[in-house]
Structures are given as structure tokens and as C-alpha cells.
Number of protein chains: 4
Amino acid sequence: MNTFGNIFRLTTFGESHGERIGGVVDGMPAGIILDLDAIQQQLDRRRPGQGNLTTARNEADKVEIYSGLFEGTTTGCPIGFSIKNTDHHSADYSEIKDIYRPSHADFTYDMKYGIRDYRGGGRTSARETACRVVGGAIAMQVLDKLGITIKAEITQVGDCKLHGTEEEKAAQYEEIVSAVKMQCDTIGGIITCRIDNVPVGLGEPVFGKLHAALGGAMLSINAVKGFDIGDGFEGVGKKGSEQNDEFYAENGEIHTRTNHSGGIQGGISNGAEIYFRVLFKPVPTILKEQNTVNSKGENVVMKAKGRHDPCVLQRALPVVESMAAMTILDYYLLSKTNKL
Amino acid sequence: MNTFGNIFRLTTFGESHGERIGGVVDGMPAGIILDLDAIQQQLDRRRPGQGNLTTARNEADKVEIYSGLFEGTTTGCPIGFSIKNTDHHSADYSEIKDIYRPSHADFTYDMKYGIRDYRGGGRTSARETACRVVGGAIAMQVLDKLGITIKAEITQVGDCKLHGTEEEKAAQYEEIVSAVKMQCDTIGGIITCRIDNVPVGLGEPVFGKLHAALGGAMLSINAVKGFDIGDGFEGVGKKGSEQNDEFYAENGEIHTRTNHSGGIQGGISNGAEIYFRVLFKPVPTILKEQNTVNSKGENVVMKAKGRHDPCVLQRALPVVESMAAMTILDYYLLSKTNKL
Amino acid sequence: MNTFGNIFRLTTFGESHGERIGGVVDGMPAGIILDLDAIQQQLDRRRPGQGNLTTARNEADKVEIYSGLFEGTTTGCPIGFSIKNTDHHSADYSEIKDIYRPSHADFTYDMKYGIRDYRGGGRTSARETACRVVGGAIAMQVLDKLGITIKAEITQVGDCKLHGTEEEKAAQYEEIVSAVKMQCDTIGGIITCRIDNVPVGLGEPVFGKLHAALGGAMLSINAVKGFDIGDGFEGVGKKGSEQNDEFYAENGEIHTRTNHSGGIQGGISNGAEIYFRVLFKPVPTILKEQNTVNSKGENVVMKAKGRHDPCVLQRALPVVESMAAMTILDYYLLSKTNKL
Amino acid sequence: MNTFGNIFRLTTFGESHGERIGGVVDGMPAGIILDLDAIQQQLDRRRPGQGNLTTARNEADKVEIYSGLFEGTTTGCPIGFSIKNTDHHSADYSEIKDIYRPSHADFTYDMKYGIRDYRGGGRTSARETACRVVGGAIAMQVLDKLGITIKAEITQVGDCKLHGTEEEKAAQYEEIVSAVKMQCDTIGGIITCRIDNVPVGLGEPVFGKLHAALGGAMLSINAVKGFDIGDGFEGVGKKGSEQNDEFYAENGEIHTRTNHSGGIQGGISNGAEIYFRVLFKPVPTILKEQNTVNSKGENVVMKAKGRHDPCVLQRALPVVESMAAMTILDYYLLSKTNKL
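These notes cover the structure that comes with them. (Residues numbered from 1 in each chain as written. Chains lettered and ligands numbered in written order. Predicted model: local features only at pLDDT ≥ 70, side-chain atom pairs only at ≥ 80, totals over all residues. Heavy atoms only, no water.)

The partner chain D presents 15 residues to the 15 residues of chain B that form the contact. Between chain B and chain D the total buried area reaches about 1300 Å² when both faces are included, carbon and sulfur atoms providing 70% of it. The largest per-residue losses of area from chain B upon contact with chain D belong to Lys336(B), Thr337(B) and Leu340(B), which jointly make up 52% of the total buried on that side. Taken together, chain B and chain D are joined by zero salt bridges. Taken together, the links from chain B to chain D amount to five residue pairs in polar contact (both at pLDDT 80 or more). Elements that contribute at least two residues to the side of chain B that touches chain D include exactly helix 4 (129-146) and helix 8 (313-335) of chain B. Looking at the side of chain B that touches chain D, its residues break down into 10 nonpolar, two polar and three charged. (Contact = heavy atoms within 4.5 Å. Buried area = accessible area lost by both parts, 1.4 Å probe. Salt bridge = Lys/Arg side-chain N within 4 Å of Asp/Glu carboxyl O. Polar contact = N/O pair within 3.5 Å; in protein donor to acceptor, adjacent residues only side chain to side chain. Helix = DSSP H or I, 4+ residues; strand = E, 2+ residues; numbered from the N terminus. Nonpolar A, V, L, I, M, F, W, Y, C, P; charged D, E, K, R; others polar.)

Laid out in C-alpha cells, this is it:
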């Protein structure tokens, strides 16, 4: 269950404060010249310590690749990689080691496994997503060759839908998150992801519908609580006549006039832009007192210390893109088996 | 990709107007006395022709079970079953056989496979979900023994959130859907599903988070375009301090005071009620003229005939419950392997 | 675990004396015109009651196909099928229902599941292999289009290696098996299977080596206890210099001068003929008295009644070919994803 | 395809002359205190450079474990590990980089992927099996808690069946292999593996028969060309009456008087000792001239240099045990889901 995908597969390992996190990319097509800098750039986008609104934890997050490449080109063999955890402040966690932090996974892990690495959230830390970014960045380089592009952006923070230019949106984001940080609180929001130039025909009926795969992928990201595609929840009031996408033919090509479906019909890509929304809840770690329980079953009061993000949306962008990239590539490879 | 699940697995086959639909349930625990009537009752809830608001297609939908039972008790061997398609009006479809109906899967299937059974939507028909109901009804009988209950209900039709008693909600549903039917149009909405008495500890980090599995399962149902859990999209404005679920201990048990998380934390059930929303788009088949394209790439005008649902929510209830039941049972069985 | 394969997948169900056996073929490429008679012919080869050396049980074994075809051509959708069990003599088994037959699975099933369908061996009956023959016959029609051929033959019965023309071999087989039948005993032997025109490049390192997949497939057939490829166990005395297959180039093509490897090197097909041996133990049901134990744990003496094969080799031929065909097709489809 | 197992899963990566080889163990039960020295000891048994009959390549082969442990105890999270490749003599290979060595995978890899890491065999090198030994050594520690023991031994070298005491067998092995080495040749043989105290009930019908899983696992080891269980090929002459294992009851327990079946009946363990044979072909690298072809399709003559094993049997013992251990643990965990 630490493996994602069918043909293109990512297996990850590692805890927040262990020695290394890492993984294995399997099913990578042979013959692709890998740009290692591009992988590192995606990792850097996810890296903490890049501004005053993300955690101050400063890790180099340099990925080391061990296999699957020969003179820079993929060989079809599995790509093993790891990232060193360099900036441990485990001491920050020792005093909460017996405390079940509200809306964290401390309690559920303890109940499930009878043991957990409490340092920095252990396996449940979003640090694990760095490995997804490596996998995704590798997948993107294949999609690139196919002309497929993926772009995630923050479209809503808390109740506020961002609007205007990229710059204006960035300013709105900064402003809201800064205010929340001042309150020692956290905030969630919505990331919208757009995938362009997906060929017609990706998606496997019936349980492997493309949006089911994308939804499952997104919902596996830490703090994600919702997913919709096309008009989604916001279109719930529209009737069939308002939500149907009529086809038209032009110059021998078939397109839809509208794209309420979000580029997928019957679970299969129709060539239009795929777009979907991913809902992130607020980070549960807040710098306020909270009532909770410890592992002895005693009611206690806790207050988090350490460095924490008031909002993860910015850092989650490459993670959303990565899960999308791996899903699309996996289904692209699967689709090659549909006909002889 | 016509198989769902890891340990408890359902494989389905069949087209809307073929001879039979059916499937195989694998991984069923041995020693469960199966109540066949209960399976049929779930199927009957999904069956068309039950009122003036569902399609008039009247099929007996009697499930035949071929294997996996000995004197009424499950043996641990796979349960093969099928349902006869008894009420074909294939002729209704012959005149649209070359037409790509808007927001249906005709176009995408043709592009993907180069061939499709156009009659009644073939494999893309929601008729396939009858097989899921069989699988789900079998899973439910195991969950029953574990004390786990699942209940889906319609909470929103179009823009209208249903309220009041069950009777009042039913009346609101009838009224809205009748009005839409009069307009020869269709309408979507939201089903909320609640799962109670789930033991703590179901869910497999990191890609097998329980809500990722539930989300993927729901998004694989025909016409589903969105999923959220707990507060979901409606809670997007709440801060961390408002959305966190504080723990408290009482009589040696640990619970949360609130349940914004929807019963799952870190991807693992925490013992609280699991609840989530499933968004259905309007059925794309409307009894109005629509512009579209045929398989020769010509622009044409079409108008659907035949019998069609103005709203699928009522019939989708047992499908949602079934996918939930199979997911929960599958993860229950998986959780048995977490410790020696 | 009742599913075989990765991309091309067969799921089977059914017990010897249940109502029906059957299955689902998933991952079938679209656009193949299926010859249903060819499927039936393979089934007929496996069918009992064809001579005085196979069980007298006479079943029509007519396969009914329910889905996945449109006007005779595969659509890429799953192919559901079933076969009626028409010739039950369950009464033959009632008196041994509590007896653990030596070297049968009665005891192990009872211990594993706590319940079993004792009639005719239930799920453990080789009758299940009829479903494999259906899956294999479908796969063969795809391989046919690729020019790949598969042929299994009996090469050894008991200690006796068959030799000479096909007719002579058949006579030797008849003679040995007749003699064994007279003794109320049973005999095993070896089937050799040859696969020709396999393209270079099938097989997935490292755990999915092509011969590992073939071996696992063969060992899953009832009564199979051994598998080897190329020179196999008989070549154990040869040194590296005697067993290596030297390459040579001719007319721009690369071949090996010898084929000790059996057509697979490093787990990947090299274009030479693939050949392997499959060892069948004698059928455990003998018409002699045997000491054994009943389900109450009492020592008893039993003697089988009913109709039983003195040797399964003849009927196993299409089963071996079928498992080979499904494996090769599965790996052919997988190989399409190795490069972009 | 670089992942092995269903619940307990090993994913490996790495080439012979890359920077590191390694892998991820997933599905490890939580709460097991891991003895890291025991893992290293198994690795040391497989390590080259231990005598004058194995390759002189001297690698520390120290495994580094990155995750899945907390204070020495498994947490149920994936165990990432790697081993540094310290002793590269890549130059030894540069002159054969374009040559397809007979009975190696150079040709098939090149045809399949269009590219390969020729240094030391790249991914096809048996060096990959070091990762299997890590996975197996971890699995063994769980089996240990269950009382299950696994022991592989060399029973035949070339034509010669070893006999006598362990010491005598070792002397025979030394003698034969030394003689072969003098001839600049290589030799194969047979390893017999015995697994004791396996509980009744492991094995999943029908495609997941326990011996099919074991066979597939063994056949995935480099140079393995055959597998049989119980009497196997050597018992082919025995009739049913001679090969059946009669049951008897004693002190409330049921056992078989003989064990021709090798501890598995109907694909499920019966509580008796599981034993099977694994056939290894001679290493294809011989220090003699051989005719072959280069990647330009030219006929050439080659002679291997570098350090090579005349016989791999000794070093393969922990690999066989490891694959057995992982298979048995995987099926043990699966069997926990057979009943509620």
C-alpha cells in the first residue's frame, strides 16, 4: 500500500525524522533522457523554508538517484532514489510523544500498529510527499515528450476565491495567510489542476475511470478532503441541458463546445482540457492551546511548538501536479494495451 | 480494470443489452451464512420501473448465484453470479447507433477501442452497477456480523438541500424531479453516506488512505463527479482551530468531541462515524434536441427516445452503499495483516 | 487469488457439482473477431467421456458467452462466460463426504476454511480448468494474429518416454494407461509444451521473468508438481561450455546455434522456440482400498467409487496450452509499455 | 514487475555497477524487534570473495536501513534500505560492451529496451539478489516468531548427488567445483529447500497455490531453470498407489504417513515438511573463447575476463531461503483473511 500505480509505479518509504526518505520508480519507459535538474526544481518548489509563510525547516532536499539510468538515459529498469533528512529538531517533539494531537494521525496509528515514530509525525508527515514529487517529476518528462502539460494553481484560500493576475492572486494569498499566521491559526483552500493535450482514450472502464484514478490519487495526499472534476459541486444546480457538452465537427476534428465534463466522459479522456479541484483542510497543527488526550488515556492540554505551515497550498502545488502526472502516464501506458 | 478491491474483490462483466451481466466475488471470508433475499432486496432498490420518476424499463433483475456457497454458507471460494437482461428495446437505439450523444461515452469509447456496443450504452450503461449491488450486498452481510452499518441518503437535488423528516425529503425530491421531467430535462444532486461502528484502524498509509479508497470507489460510479469527506468543501472557510477534532477520554475510551474529519484521520478510521458526500451530475440523456456529431464526423441534430431517468439519485443509493460496503470490508480484511 | 494475469486477466469461479462454472476474461484487446467454434473445440479436447481411458462423466461443456463481443468482434470489454454442470452424480460422493481422501485437498480445505463442498472435489476439482481452457482459447486467437503458435504433447508416461510418430506415441500411451487402469491404479507423466514465433523481448525483469511466469502458471494446474525449461533437470550434468547458446548473425538476423536455454535468456524471450516440461503426478483417486482419516479424526478405510481418470495427461494438453497462451499474451501486452 | 509479493512485498532497484542497489519492504507486520545483525549475516553468506571458489569481488555489502523501524521495532511502515556498490571494475567490461555474451541477457535486454547498462551485467546481474536476501532475512525474523524454519542445501552438483555428512558434502562440492574451475568452465546443480512447522492452511486456490507461488519465486532467481516439489520429477514412475500420502490420526492430530506431496495438497500446506528442488544452470560466463555476435550484427569471438564464479550454488543458498521466506510470510498474512 506504499505503492502507487499499475504500470508506472512509485513505491515510497521514510519518516519525517528518520535518516532518509526515498522510493523506487518502476515501469519507466526506456530511452528517455532524464533532466535531473528539472526533478530538483520540482522538489525545490515543495521544499520548506522558502518564505515567511512556510515552515522554517530548511532542508537541502537533494535527491540522489541510484539506478535505472545509463549515461543519463532511462533503461527501463527501476529508478531508486533517496533524500537525506538533514534538519532534525526531534527534541521539539519529545514532549508531545505521548500526546494524541487533534486531527493528526497519532491516535489512529497507535491503535492500528501499536507503535509509531512520533518524531515530526513519522510516516504521516507530509514530508513523504517529497518522494511523490520525485516520481511525478520523472513522469512529467515523459508526458513532455507526448506534449501533455500539467499546471496546478491555488484558486481559493479559506472562503476567498483568488482573482486577477498571477501577481494579484499571490498578493491575496500572502495577505490571507499572513493574517491567519498572526492568529496562530491555519487555513485550507482549493487547488485547481489543469492538464492539457491529453490524447483521447485514456481511462479504463469501469473501476479504472480516469477521474476515479485522479480522485483517488489526490485524496491520498496529506490534508486533502475533497475532489471534483469539471463543473463539480459548483455545477450541482445545472440541469442536463445546461451541463451537457455538445460535440461539433470542424476540419475533420471532433470537439465539444463546452467543457462541463472536465475533459473526461464515461471515465475516458475526450481530448478537452482535464481540470479538477482538490480541497485541502487547514493544517491541524496550530500554535494555540488545545484539549486532547495522551496515550495513557488522560485528558490533557497541549500547545504545539516547532515550525509549522499556516497554509500548505503553496507547497502542495508540485505534489498535486506530481500525482496527476503519474496517473496520466500510468493510464497512457495502460492504453497502449487496448488494441493489438 | 473490471476488478475492484484488494482482498475482497469484485470483477464484473456485461453490457446493457447483452444476454447477461454478472460477476465474481473473490476473497469472501468462509463461514458466513448468506441471506440471498437480502441481496435481492438491494437489487430491487436499484431496479428501474419502480415509480413514475425512474425509467420504465422493467427487468426482473433476479440474481443467480452459481458457486462459493455450500448449503447456504460461504466456503471461501469465489461467488459467481449473473443477471439476465430481459427487457431489451434495442430498436430504440438503432437510429442513434452512429451518433455521439453529448456527455455520453459513445465518442470516447469509439476512439479508444475502435468499436462499441451502442445498444443502451453497452458497457457504459449504469446497468453495470447492478453487479456492484450484488457484490455490495454480499459484503454488507459480513459487515453486519461486525456491527458495521451503512446508510446513504439523498441530501441535495440540484440546488435544493432536502430538509425535514424522511417523508418531507421524499416529497421535496418528488416535486423537484417531477418538475424537471416535465421540462424533458434531467437533474443531479448529492448523496450523503454514513458508516457507523467502523473499528479504529482501517486504512493503509500512504496511497491506501481509507478516504482515498472510498473516493476512488465512489468516483467510479456512473455520473459521479465529486467526493468529499467530513466538513469537505462546505468547511473550506473554517480555520484549523475550528476544524480540528479535539480528543477526550471518558470511561477508558477515547473519542473526539466533534467530527469535522468524517471519521478518518491520517487515512485511518478513528472510530467516529464516517460520512462523505457523493456528487452526481444530471443524466446526460435528455428528451430535447441537441446538436452533436456522428461517427462520420458530420454535424447532426439528435433527440433521445426510449425510457430515461430524469434523476438517478434514488436508484443510486444502493450503489453508493455497495461501493462503501466493499471498500470497508476490503480494508477490514487488509487490517488483519498489520500485526502478527 | 482466483484471478490470473496482469493485463490479460482471467477470473474463474465454480465447483465441480455446483450449478455452473465460469469466469471473466478482462484486458482482451479490442477488434479481434472471435471464432467461438475454436473455443468449443479446445473445450472438447479437455472434456471427459471421450474414450475408455478418461472418466465416463459426459458433459456437454458448452460455453455460453455473455459479453465483450459486438457482432462477433471483441470490444475491449470483459468477456463473461459460463458452462453448465450437467452430469451430477453427487450421490457417489455422499459416503465419502466426511473422509479425507489421501493426497486430495479435502483435509487442507477443511482446515483452511472450516467448510468445503465435498461433492466431486468442489472447487479443487480439475473441472475448474475448463474455465482456463476458455480463457486460453480466447488468448490463442490473439496470438494467432501475431503468428505465435503453441503446442503441447505428452512426452513421458510414468517412466516411459514416448517415441516415434504421433500414432506410435498414442499407442504407447494407450497401452501403458490401459495397463494401469486394469490395476485400478493411476499414473502421471510429463507434458512438453513448445511455443513458436514469440517475438524477442517478452518477459519483465526481475520477478516477472517469462519462465517464472510460465512456471507459476503451470504449477497452478491441478496435479502439476514440477516445471523446467530448456535443458532443464536433464541437462544438469552439462557444463557452461556445453549449455551456452552461442549467437550467430546471418542475413542481418541474430540467432542462437543451439537452444539449451529454451528460448528465454535473462527472463526475456530471445526469439528461439520456447519449450518447457510440466510434470503431472498420478491422479490421487484410485479404485483401491486406502487407509485414511475422517473429519472426526477417526482412522478409516476407504475405496473410491465413481468415474475417474487413470491418467490426466491427455485431457491436460489443452490446459497446458491455455495457461501458456494466456501468459504469453499477457506479457506481449505488457511489453508494449516498455518504450514510449 | 520489480515488486514481489501480495501483502508482504519487496521492491528492488539497482544495477551491478551503479552507485547503490536497494529496495523497499512493504507490508511488514508491526511490533517485531528486528535483529539487524541477522540480516547482515544472511547477506554475508551471499557475499562474493569468501573463498577461492567464488568471485574475488570483495564488497562489504553492508545494508543501510532508512525507515520502518522505531527504536529497533518495526512500525508497519515500509522499510527502505540500500547497499553501496564499492568494488567496481567497470573497465573489465568496456571491451565487451558491444558484445552479446552467449546465454546472458545482453541481447534480449538490448532488443527489449534499446539500451542497457553493460557494466557487470547491469540489472541482470545476480547482484540484485542481495536485495532479496535483505527482504528474506526480514521475513525470516517474523517466521521465527511463528516457529517456521527454512533451510536450503546443495544436494547435487552437475551429475553428482552429494551424500554423507555436511562435511563430506562440502568436500565433494569443493572437489567438483575446483576441477571445473581448472577447466575454465562452470557447473550448475540442485538446491533442495526444506521448510518446517508451516501451519496447515497456507496457499490460495486456484492460481495462488502455495507451490505455484514458491515455484514462481524460485524461477525468478538468476540461473534457475527448474523447480519441483515433493517426489517431483524423480517420482514420475510411481503410480497413484505409491505416491499417495495416507492420513492417520494419533492423539487427536492428523498426519500423513509419507510425504510424497512435499507438504502441500491442493495447493495448501498440510502441516508436513515442505520440500522442493531448485535447478540452477551453469553460470554462462566461462573463461574460454566463444563465438558470438556484437551489437552491429557482426560475428565475433570473445573470451571473458574479470572475476567469475565457477558455480553459484553456495552463494545461492541464502537467496533460495529468502525467496521461500518471503513467500511463506506473504501467504501466512493472506491466510489471516480467509475467515472473519
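So that's the structure; there's more coming.
Overlaying chain B on chain D yields an RMSD of 0.0 Å, the required transformation being a rotation through 180 degrees with an accompanying axial translation of 0.0 Å. Taken together, the rotation and translation describe the operation of a two-fold axis. If distances are taken from each C-alpha of chain B to the rotation axis, the shortest is found for Lys336(B), at 3.2 Å. (Least-squares fit on C-alpha atoms with pLDDT ≥ 70 in both.)

Time to look at the environment of Arg194(C). Residue and element names in this part refer to chain C. Mapping Arg-194 onto the fold places it in strand 11 (residues 189-196). In this structure the C-alpha to C-alpha distance between Arg-194 and Gly-263, which are 69 residues apart in sequence, comes to 9.8 Å. Among the polar contacts made by the side chain of Arg-194, one reaches the side chain of Glu-273 at a distance of 2.7 Å.

A word on the pattern of salt bridges. Residues and elements named next belong to chain C. A complete count under the given rule lists 76 salt bridges over all chains for this structure. Its salt-bridge partner being Asp-228, residue Arg-277 comes within 2.7 Å of it at the nearest N-O pair. Placement of the pair is Arg-277 in strand 17 (residues 274-280) and Asp-228 in strand 12 (residues 224-229), with a sequence separation of 49 residues. Note on accessibility: Arg-277 and Asp-228 belong to one class, buried. Exposure remark for Arg-277: the relative accessible area of 13% places this residue in the buried category. (Buried < 20%, exposed > 50% of the residue type's maximum accessible area, 1.4 Å probe, protein only.)

So, on to the sheet that holds strand 19 (residues 299-303) of chain C. Residue and element names in this part refer to chain C. Pairing in this open sheet of three strands is antiparallel, and the strands run 8-18-19 from one edge to the other. On the outer flanks of this sheet lie strand 8 (99-100) and strand 19, each paired with one strand and no other. Bridge analysis of strand 18 (residues 289-294) against strand 19 gives five bridges, and the strand direction is antiparallel. Its bridge partner being in strand 19, Val-293 is matched across the sheet by Asn-299. (Pairing = 2+ DSSP bridges.)

Turning our attention to the pairing of strand 11 (residues 189-196) of chain B. All names here are of chain B. Counting buried positions along strand 11 gives six out of eight residues, so the element sits mostly inside the fold. Two strands pair when backbone bridges link them, and strand 9 (residues 149-157) and strand 11 are joined in this way by eight bridges, in the antiparallel orientation. Counterpart to Ala-152 in the pairing with strand 11 is Cys-193. With seven bridges connecting them, strand 11 and strand 17 (residues 274-280) associate as antiparallel partners. Bridge pairing links Ile-195 to Ile-274 in strand 17.

With that settled, the discussion passes to the sheet that holds strand 17 (residues 274-280) of chain D. Whenever strands of a sheet pair, they do so through backbone hydrogen bonds, lying parallel or antiparallel. Taken together, the 10 strands give an open sheet; going across it, the order is 10(C)-9(C)-11(C)-17(C)-12(C)-12(D)-17(D)-11(D)-9(D)-10(D), and neighbouring strands pair in antiparallel fashion. Each of the sheet's edge strands pairs with one partner strand only, and the pair in question is strand 10 (160-161) of chain C together with strand 10 (160-161) of chain D. Bridge analysis of strand 12 (residues 224-229) of chain D against strand 17 of chain D gives five bridges, and the strand direction is antiparallel. Residue pairing across strands places Phe227(D) opposite Val278(D), the latter belonging to strand 17 of chain D. Contacts between helix 5 (residues 166-182) of chain C and the sheet are confined to strand 9 (149-157) and strand 10 of chain C, with strand 9 of chain C contributing the most and set at about 45 degrees to the helix. Seen against the sheet, helix 8 (residues 313-335) of chain D touches strand 9 (149-157), strand 11 (189-196) and strand 17 of chain D and runs at an angle of roughly 140 degrees to strand 9 of chain D. (Axes fitted to C-alpha atoms, helices over the stretch in contact; angles between N-to-C directions.)

Below, the discussion takes up the interface of chain A and chain B. Facing the 100 residues of chain A at the interface are 100 residues of chain B. A combined buried area of about 7900 Å² lies between chain A and chain B, and 62% of that area is made up of carbon and sulfur atoms. Ranking the residues of chain A by area buried against chain B places Met1(A), Lys112(A) and Phe207(A) at the top, with a combined share of 11%. Between Glu204(A) and Lys112(B) there is a salt bridge; the shortest N-O distance is 3.0 Å. Residue classes in the side of chain A that touches chain B are distributed as 40 nonpolar, 41 polar and 19 charged. In this sheet, strand 12 (residues 224-229) of chain B lies alongside strand 12 (residues 224-229) of chain A in antiparallel orientation, the contact comprising three bridges.

Taken as a whole, this structure holds 34 aromatic pairs over all chains when the rule is applied. On the numbers, 6.0 Å between centres and 15 degrees between planes, the contact of Tyr66(A) with Phe13(D) is stacked. Here Tyr66(A) is found in the loop between strand 4 (63-65) and strand 5 (69-70), whereas its partner Phe13(D) is found in strand 2 (residues 9-13) on a different chain. In this pair, the class of Tyr66(A) matches that of Phe13(D), namely buried. Arranged with centres 5.4 Å apart and planes meeting at 70 degrees, the rings of Tyr100(C) and Phe107(C) form a pair that is edge-to-face. (Phe/Tyr/Trp six-rings, centres within 6.5 Å; stacked < 30°, edge-to-face > 60°.)

The next point concerns unusual backbone geometry. Of the consecutive residues Pro205(A) and Val206(A), the connecting peptide bond is found in the cis state with omega at 0 degrees. Phi at Ser103(B) is positive, roughly 60 degrees, even though this residue is not glycine. Along the chain, Ser103(B) turns up in the loop between strand 8 (99-100) and helix 3 (106-113). Residue Ser103(B) is classed as buried on the basis of its relative accessible area of 4%. Phi at Ala223(D) is positive, roughly 80 degrees, even though this residue is not glycine. Tracing the backbone through its elements, the reader meets Ala223(D) in the loop between helix 6 (210-219) and strand 12.

Taking burial as the measure, the eight residues of helix 3 (residues 106-113) of chain D include seven buried ones, the bulk of the element. All of the buried residues in helix 3 of chain D are Asp106(D), Phe107(D), Thr108(D), Tyr109(D), Asp110(D), Lys112(D) and Tyr113(D). Summarising the contacts, the buried residues of helix 3 of chain D are in contact with strand 13 (247-250), strand 14 (253-256), strand 15 (264-265), strand 16 (268-269) and helix 8 (313-335) of chain C together with strand 8 (99-100) of chain D.

Another aspect to go through is the nonpolar core. Core analysis: the largest hydrophobic core is formed by 304 residues, its most contacted members being Phe276(A), Phe276(B), Phe276(C) and Phe276(D). Setting aside anything within four residues of it in sequence, one finds Phe276(B) in contact with Ile191(B), Thr192(B), Cys193(B), Ile195(B), Leu214(B), Met218(B), Phe227(B), Asp228(B), Ile229(B), Val320(B) and Ala324(B). (Core = buried A, V, L, I, M, F, W, Y, C linked by side-chain atoms within 4.5 Å.)

Where helix 6 (residues 210-219) of chain A meets helix 6 (residues 210-219) of chain B, the axes come as close as 8 Å, and the angle between the chain directions of the two elements is 165 degrees. The orientation of helix 6 of chain A with respect to helix 6 of chain B, classified from their angle, is roughly antiparallel. Crossing of helix 6 of chain A over helix 6 of chain B shows right-handed handedness. For the pair helix 6 of chain A and helix 6 of chain B, the contacting residues are His211(A), Ala212(A), Gly215(A), Gly216(A) and Leu219(A) in the first and His211(B), Ala212(B), Gly215(B), Gly216(B) and Leu219(B) in the second. Its residues assigned to classes, the contact of helix 6 of chain A with helix 6 of chain B comprises four nonpolar, six polar and no charged. (Parallel < 35°, antiparallel > 145°, perpendicular 65-115°, else oblique. Left-handed = near helix turned anticlockwise from the far one by under 90°.)

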